[in-house]
Amino acid sequence: MGKQVWRAVVAGGAAAVFTAVAAVPAGAAEGDVAFTRVQVNGGKPIVIGVSKEVAVPASFRMATTRAWAYPAVYLYRSGGDELWHAIETSDCIKVSSGVCDFDETMYFDPSVWDMRNSEAGAWKVAARVHFKGDGGDTDDEGLTVHVKRNSRLTVNASPEPVAKDKTVTVTGKVTRADWETRRYASYGGRLVSLQFKPSGAASYTTVKKVYANGSGELRTTVKASTTGTWRWVYYGNTTTGPSTSSGDNVVVK
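Before going into details, it helps to say that this report is about the structure given with it. (Residues numbered from 1 in each chain as written. Predicted model: local features only at pLDDT ≥ 70, side-chain atom pairs only at ≥ 80, totals over all residues. Heavy atoms only, no water.)

## So, unusual backbone geometry
The criterion, for reference: Numbering of helices and strands starts at the N terminus; helices are DSSP runs of H or I of at least 4 residues and strands are runs of E of at least 2. When a residue's accessible area, from a 1.4 Å probe over protein chains only, is under 20% of the maximum for its type it is buried; when over 50% it is exposed; and in between it is partly exposed.
With an omega of 5 degrees, the peptide bond between serine 158 and proline 159 qualifies as cis. Take proline 159: it is sitting in the loop between β13 (151-158) and β14 (167-178). Here the residue pair glutamate 160 and proline 161 is connected by a cis peptide bond, since its omega of -5 degrees sits within 30 degrees of zero. Turning to its location among the elements, proline 161 is positioned in the loop between β13 and β14. Residues other than glycine seldom take positive phi values, yet asparagine 41 does so here, at roughly 55 degrees. Along the chain, asparagine 41 falls in the loop between β3 (33-40) and β4 (46-48). The backbone of arginine 182 shows a phi angle near 60 degrees, a positive value even though the residue is not glycine. Relative to the helices and strands, arginine 182 resides in the loop between β14 and β15 (183-186). Given a relative accessible area of 36%, arginine 182 falls into the partly exposed group.

Have a look at this one:
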């Protein structure tokens, strides 16, 4: 089971309440509560590395006549598995009687939470509220968010400088965040684009695509026709975020 910590800000934002939760989202609204206008990270994937906290914005509208406490949206998978993180929810931004808008931030910190590599991939979105006194409501919101392991790329182009029409060798390496070891590990077999930007140009152009070997290493050769900058670009997949290396400038003489 995933673990989750809720951090709900009370009036004035001066205090916070932490409590463990583990409920399975219901299929339809219960308890006279309706959640609408739910957004998580603007619909973009959540990409997490190995050490830095990632703050993810979310928002939603809640309508209810019940007295409530600690509303929030969160991520879950079938069987009630929830992604372990902290959630900070704003006070009610009143829309009308019994209707509030909320701004929320989800905090994912791989240096604190025991994240598993298997947690990368698709997650569903649900909304939950506790009622004052007893009970609550939990509803599936019909949204999907991808949580991804961050990737990194290095680059080196040589020789520098190089004679015109001679060969330039471009190397690099693809690595990916391992949430369990909290380090970046080789990510072999990836298809990566080699791009070039001539000196004075505004944008890069893809020259060729190269597969990394089993150790994540990249290597290819190109003809040196003009001075410019070389870089690698990996576009990611359903469990891994995209990455772009720094640029390596090669002067052609």
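## Some thoughts on the packing of aromatic side chains
This is how it is decided: Any pair of Phe, Tyr and Trp rings, taking the six-membered ring for Trp, is counted once the centres come within 6.5 Å. Such a pair is stacked with planes under 30 degrees apart, edge-to-face with planes over 60 apart, and tilted for the rest. We call a charge positioned over a ring when the NZ of a Lys or the CZ of an Arg lies within 6 Å of the ring centre and within 35 degrees of the ring normal.
One pass over the full model with this rule turns up six aromatic pairs. Between the aromatic rings of tyrosine 187 and tyrosine 234, the centroid separation amounts to 6.2 Å while the plane-to-plane angle is 85 degrees, which identifies the pairing as edge-to-face. Here tyrosine 187, found in the loop between β15 and β16 (191-198), pairs with tyrosine 234, found in strand β19 (residues 228-234); they are 47 residues apart in sequence, far enough to count as distant. Judged by relative accessible area, which is 8%, tyrosine 187 ranks as buried. Using a relative accessible area of 5% as the deciding quantity, one classes tyrosine 234 as buried. In textbook terms, an aromatic cluster arises when at least three aromatic residues are bridged by ring pairs, as seen for Phe35, Phe60, Trp68 and Phe102. The cationic tip of arginine 231 hangs over the ring face of tyrosine 204; the distance from NZ or CZ to the ring centre is 3.7 Å.

## Looking at the environment of arginine 77
Examined against the element boundaries, arginine 77 turns out to sit in strand β6 (residues 68-77). Along the sequence, arginine 77 and lysine 124 sit 47 residues apart, while their C-alpha atoms lie 6.0 Å from each other.

## What about the state of the cysteines?
This is how the line gets drawn: Any cysteine sulfur atom paired with another within 2.5 Å is treated as part of a disulfide.
Applying the stated criterion to the full structure yields one disulfide. At a sulfur-sulfur separation of 2.0 Å, the disulfide partner of cysteine 92 is cysteine 100. With the S-S dihedral at roughly -85 degrees, the linkage between cysteine 92 and cysteine 100 falls on the left-handed side.

## Quick word on the nonpolar core
Just so we agree on the cut-off: Nonpolar cores are built from buried Ala, Val, Leu, Ile, Met, Phe, Trp, Tyr and Cys residues. Side-chain atoms within 4.5 Å join them into one set. We call two residues in contact whenever any of their non-hydrogen atoms come within 4.5 Å of each other.
Counting 39 residues, the largest nonpolar core has Val40, Ile46, Val73 and Leu75 as its most contacted members. Elements supplying a minimum of two residues to this core: β3, β4, β5 (54-64), β6, β8 (86-89), β10 (99-108), β11 (121-131) and β12 (136-149). Among the elements that take part in this core, β11 stands out by supplying six residues, more than any other. Beyond its immediate stretch of four places on either side in the chain, isoleucine 46 contacts Val40, Asn41, Val54, Val56, Leu75, Phe108, Val145, His146, Val147 and Lys148. Leu194, Val210, Val222 and Trp230 belong to the second-largest nonpolar core, a separate cluster that totals 21 residues.

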